[in-house]
Structure formats: C-alpha cells, structure tokens
Amino acid sequence: MEKKKGFFEGSFGKFVLPGIILQSVMIGGGYATGREIVEYGAKYGALGWLSGLGTFLGFAVIAALTYELIRLTKAYDFKTFMKTIGGPLWIVFDIVYLLFMVVIIAVMASATGNIVEQTLGLNYWVGVVAITVVVAILNFYGSRLIERFETLGTVALYAGYIIFSVLVIGTFGKNISAVFANHDTSFIEGSVSAGKALWSGVLYCAYNLVVMPATFFTIERQTRRVESVVSGIIGGVLATIPWFLTYFAVMCFYPNPDVLGASVPWLAMMQGTAGPVVIAIFGIVMGWTLIETSTGIIHAALERVNNGLKEAHKPPMTGKQQAILTIIVLVGSMVLSKVGIIDLIATVYNALSYAFLAIYVLPLITVGVYKICKLRKAEKEEQKKHAVSATQKHAV
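Throughout this description, residue numbers start from 1 for each chain and increase along the sequence as written. Only residues with pLDDT of at least 70 are given local features in this predicted model, and only at 80 or more are side-chain atom pairs given and counted; all residues enter the totals for whole chains, interfaces and linings. With hydrogens and water set aside, each side-chain value is computed from the structure's full complement of heavy atoms.

**Q** What is the right way to read a nonpolar patch on the surface from this model?
**A** Only residues whose relative accessible area exceeds 30% and that form no salt bridge are eligible for patches; like-charged ones are grouped when within 9 Å, while nonpolar side chains (Val, Leu, Ile, Met, Phe, Trp, Tyr) are grouped when within 5 Å. Surface accessibility follows the Shrake-Rupley procedure with a 1.4 Å probe radius. Residue values consider only the protein chains on display as shielding. Each reported salt bridge corresponds to a side-chain nitrogen of Lys or Arg within 4 Å of a carboxyl oxygen of Asp or Glu. On the surface, Val-129, Val-133, Ile-137, Phe-140, Tyr-141 and Leu-145 cluster together into a nonpolar patch covering about 560 Å² of accessible area. Counting through the fold element by element, Phe-140 comes out in helix 6 (residues 124–141). Numbering goes from the N terminus for both helices and strands, where a helix is a DSSP run of H or I of at least four residues and a strand is a run of E of at least two.

Set out below in structure tokens:
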C-alpha cells in the first residue's frame, strides 16, 4: 500500500513552500524596519508603486527560472547551482554571499536590538542571546524543522503586518488619495520618472537575491515545470505583499520627513497610532523576523558547506557542528552591529545590487535559459520513450 504523503510533501510543499521560505527569509532583512521600502520605492510617492511592481516581476521571473533549472539539474545548493550557470563565477558568488550574509544579519541585529529595547524594555543583549539560541536550535535540527517554523512564522508575520497596516491606514488613510490625486513625488528633489521608480524596484529585488539560495532545498519535491513556474510566481506574490502594505502605510504620511527620514519608519508611524501593547507586539515581530532571516541565510551556507564536504568524500556536519557554526556567524554579526560599521556597509547596498545582477541574473537569463531549453528537450524525449515503452508493455 502506498504511504500517504504528508502536508509538506504534497502540493503545498511543491507549489507554496518555496515562496514561503523566500518571503520569510527576506522579510527580516527587507521589510521589518520599513527603511528599505522608503529607500527603494516609497520615497517616490505616487510613482512608488512601480518600484513594487519591479520587485514583484523580478522575484517571480528569477524564482521561476531558478527553480526550473534546479529541478532539471538537481543543483540543490548554491555552489552547484552557480557552477551550472556561471562556471568559475561560483567562487565570486561564494565570497559575495558569505560577506553579505554577515552584513545583513548585522544590520538586522542593530535595528532589532534597539527596537526590542525600546518596545519591550529588554536589555539589548538579552534579545540578542535569545535570538542566537533559537537560530542555533533550528539549524541543529535542520531542514524539516526550519520548514515548519518558517511556515508558521509567515502566518504570524502576515497577521502582524496586516494589523499594523490597518491601524496606520485606518487612522491616516485620507492622505493616500491626496498623494495620488496630486501625483506627489515631492520628497525627491527634481523630477521623478516612471522608469527610475521601476528600476529602483529591480535593484531592490537584485540585492535581496541573497535570500534565494535559502529556498533551494525545498525544490527537491518538484517534478514538473508547472510546479517551478507556479511556485516562482507565488514566491513573487508573497515577497511583495508586505512591500505594498508598508508602502501604502508610508503614503499616509508622505512626504513627512519625520517618517520618511526615520531609521525605523514603522516605529515612527505606529507611535502615533498604536498603544503600548501593539508596539510591544511589533517588537516581538521584529525579533521573529531576525530569527527567520538569520536561520534561512545560515542554513543555505551550511548546505553549501555540507555539499563541499560531500565532494571531498567527507561526512556532513553533525547537528551539533551546525549549531556551533551558526552561533559563530551570529556572534560575529552581532559584534559588527555594535562597532559602528553598519552605516558604512549600508552605503554599498546599491553596489551589491549590481553585483548580483552581474553574477546571478545575467548568467541565469542567458546560460541558464539555454540550459533549461536544452534539458527540457531531453526530458520530453525521455518521457516519450517511457510512454512508448509502457504502451508496448501493456500491449504484450
């Protein structure tokens, strides 16, 4: 008797789970403070929605192509995948990924530590230690626990973002219609073009591609092209819904510099609309986002290390070793977040966008698309042979 597939092994795991992991890892680095939505979209006011559109299209197309190539080549870690599309570029991607992994966790730690301190009244390092322990435990138990944790996390985080958005928009929503009616882009000096706003969203998607490898392990369940394409589109949708929630919330205050110029725009918006309980919940959500981002990015790095050990004919890391390495990375990032380099590092985000466009997107849409077409042709021929063989066997 065929064993019944579990929830995560069926259609949910094939179509939805990759997008959930993508969204849950990205949301901490990208949406939690609201700062990046301002920099890569909301500052353009009435044209900012085009940035969100650029982000959605970027993630949907890149995710669909990435997942289909992974399905066809079974390249479930980013070293193998980068070798497939970029050959020796995998070394450059390794370096950029590992550096950015530390940077993005450091940036998140700095923001989260301060927000948790302000909203929950906890000492900065109490929150840091708690987060470190949880992320280490998740990486100790590995993929299956991470899948379940981040699925539940997505539900909780979406609930939180919807509550925060409803509170802000319900109180100050009249300003949104005024922004669009007046085509207001006044926060930016000079003229703003639709193309510039759209390209800003593409750049935002590009540097957030650091989260893409965190989803690779979920593609093992996929067996058909439709699963790759649909899961990529779902990933794009899930990744941009919080973007638009944040964008419209910011439009409630546009072009107020106290909000658009704040280091944590979400906190600036909510302090005038929510009570202490909701703000405390916001602090908890911030801590959760750091856990999800850190877990996903570090898990992808651990998969990369284990694949390297496999190639060297050595056993993979034990759960204990994975937990220890996770703690080392987190502690290093937390230290960096306190020694004053965050502002300096943040200035290179655009450079990282162009780096990912060069070493990931360009090879994917050229070499990757060529290999997808070639492998799909071979897959169809193989399926045809199996169909003929099955027909002949049935006839006999």
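**Q** Honestly, helix 13 (residues 276–311) in this entry has me stumped. Any pointers?
**A** Because an α-helix packs 3.6 residues into every turn, residues spaced three or four apart end up facing the same way. Expected span of a helix, by definition, is 1.5 Å for each gap between consecutive residues, and there is one gap fewer than residues. Relative to the 52 Å expected for 36 residues at 1.5 Å per residue, helix 13 spans 53 Å between its end C-alpha atoms, a close match to the ideal helical length. Directly beyond the C-terminal end of helix 13, a positive phi value near 60° is found at His-313.

**Q** Looking at this structure, how should I read the confidence of the model for the chain?
**A** Detailed reading of the predicted coordinates is not advisable wherever pLDDT falls low. Note on scores: pLDDT gives the predictor's confidence for each residue, bounded by 0 and 100. In the predicted model, the chain carries a mean pLDDT of 85, and the fraction of residues at 70 or more is 90%. Highest mean pLDDT in the chain belongs to helix 3 (residues 49–73) (97); lowest belongs to helix 15 (residues 342–346) (54).

**Q** I tried to follow the nonpolar core on my own but got confused; where do I start?
**A** What tends to happen in soluble globular proteins is that the nonpolar side chains get buried as a cluster. Phe-81, Tyr-97, Leu-209, Met-212, Trp-266 and Tyr-360 are the most contacted members of the largest nonpolar core, which has 104 residues in total. Counting residues per element, this core draws most heavily on helix 13, at 11 residues. Every residue pair with non-hydrogen atoms within 4.5 Å of one another is taken to be in contact. Those residues in contact with Met-212 that lie beyond four places of it in its chain are Leu-22, Phe-59, Ile-62, Ala-63, Thr-66, Tyr-67 and Tyr-360. Side-chain atoms within 4.5 Å link the members of a nonpolar core, which is a set of buried Ala, Val, Leu, Ile, Met, Phe, Trp, Tyr and Cys residues. Accessibility here uses a 1.4 Å probe with only protein chains present; expressed as a share of the type maximum, an area under 20% marks a residue as buried, one over 50% as exposed, and anything in between as partly exposed.

**Q** Where do I start with the packing of aromatic side chains in this structure?
**A** In this description, an aromatic ring pair is defined by two values, namely the gap between the centres and the angle between the planes. Only Phe, Tyr and Trp rings take part, Trp by its six-membered ring, and two of them pair if their centres are within 6.5 Å. Stacked means planes under 30 degrees apart, edge-to-face means over 60, and tilted covers everything else. In total, this model carries 23 aromatic pairs according to the counting rule given. Plain terms: the ring middles of Trp-199 and Tyr-354 are 6.4 Å apart, the flat faces sit at 45° to each other, and that makes the pair tilted. With Trp-199 in helix 9 (residues 194–207) and Tyr-354 in helix 16 (residues 349–395), this pair connects stretches of sequence that are 155 residues apart. By relative accessible area, Trp-199 is classed as partly exposed at 40%. Taking the relative accessible area as the measure of exposure, Tyr-354 reaches 44% and is therefore partly exposed. Taken together, the ring pairs connect Phe-78, Phe-81, Phe-93, Tyr-97, Phe-216, Phe-356 and Tyr-360 into an aromatic cluster. Consider the ring centre and the ring normal. A charge sits over the ring if Lys NZ or Arg CZ is within 6 Å of that centre and within 35 degrees of that normal. Over the aromatic face of Trp-90 sits the side chain of Lys-79, whose NZ or CZ is 4.5 Å from the ring centroid. Between Lys-83 and the ring centre of Trp-90, over which it is positioned, the NZ or CZ distance is 5.4 Å.

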